[in-house]
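Take a look at the letters that make up each chain.
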Amino acid sequence: MRVYTTIQGQTWDQIAYEVYGNEYMCDKIMDLNRDKLDIFIFPAGVKLMLPDEENIIRQSVPSDYPTWRAMLNAKG
């Protein structure tokens, strides 16, 4: 695992795309940072734990995310 520091205005999917090249990996990042699930748009300087790339595909993620996440999934 590694630590990522957010930039003002970033969202979970933007971070996933920047780091892994796939915005759908945001669920993996969210799972490691459950204490920050109430944040939709990040301020600068928030520290997030990121899963290692080699382990990210094998990881399953629970589906108890906030309602705003379910709304994003419904649009896709």
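Residues numbered from 1 in each chain as written. Predicted model: local features only at pLDDT ≥ 70, side-chain atom pairs only at ≥ 80, totals over all residues. Heavy atoms only, no water.

## Quick look at the packing of aromatic side chains
The relation between two aromatic rings is expressed through the spacing of the ring centres and the mutual angle of the planes.
In step 1: Here the structure, examined in full by the defined rule, presents one aromatic pair.
In step 2: Look at Trp 12 and Phe 42: their rings are 4.9 Å apart centre to centre, the planes differ by 70°, and that puts the pair in the edge-to-face class. Taken together, the positions of Trp 12 in helix 1 (residues 12–20) and Phe 42 in the loop between helix 2 (26–32) and strand 2 (47–50) put the pair 30 residues apart, joining distant regions of the chain.
In step 3: Residue classification places Phe 42 among the buried residues on the basis of a relative accessible area of 0%. (Phe/Tyr/Trp six-rings, centres within 6.5 Å; stacked < 30°, edge-to-face > 60°. Helix = DSSP H or I, 4+ residues; strand = E, 2+ residues; numbered from the N terminus. Buried < 20%, exposed > 50% of the residue type's maximum accessible area, 1.4 Å probe, protein only.)

## Points about the nonpolar core
In step 1: Counting residues in hydrophobic clusters, the biggest one holds 16 residues, and the most contacted among them are Trp 12, Ile 15, Ile 29, Phe 42 and Leu 48.
In step 2: At the level of secondary structure, the elements contributing two or more residues to this core comprise helix 1, helix 2 and strand 2. (Core = buried A, V, L, I, M, F, W, Y, C linked by side-chain atoms within 4.5 Å.)

## Regarding the pattern of salt bridges
In step 1: A full pass over the atoms with the stated rule returns two salt bridges.
In step 2: Between Arg 34 and Asp 31 there is a salt bridge, with the nearest N and O atoms lying 3.3 Å from each other.
In step 3: Asp 31 sits in the buried class, given a relative accessible area of 19%.
In step 4: Its salt-bridge partner being Lys 36, residue Asp 35 comes within 3.1 Å of it at the nearest N-O pair.
In step 5: The buried category is assigned to Lys 36, whose relative accessible area is 17%. (Salt bridge = Lys/Arg side-chain N within 4 Å of Asp/Glu carboxyl O.)

## Section: the confidence of the model for the protein
In step 1: Here the protein averages 84 in pLDDT, while 71% of its residues score no lower than 70.
In step 2: Ranking the helices and strands of the protein by mean pLDDT puts strand 2 first, with 97, and helix 4 (residues 67–75) last, with 59. (pLDDT = per-residue confidence, 0-100.)

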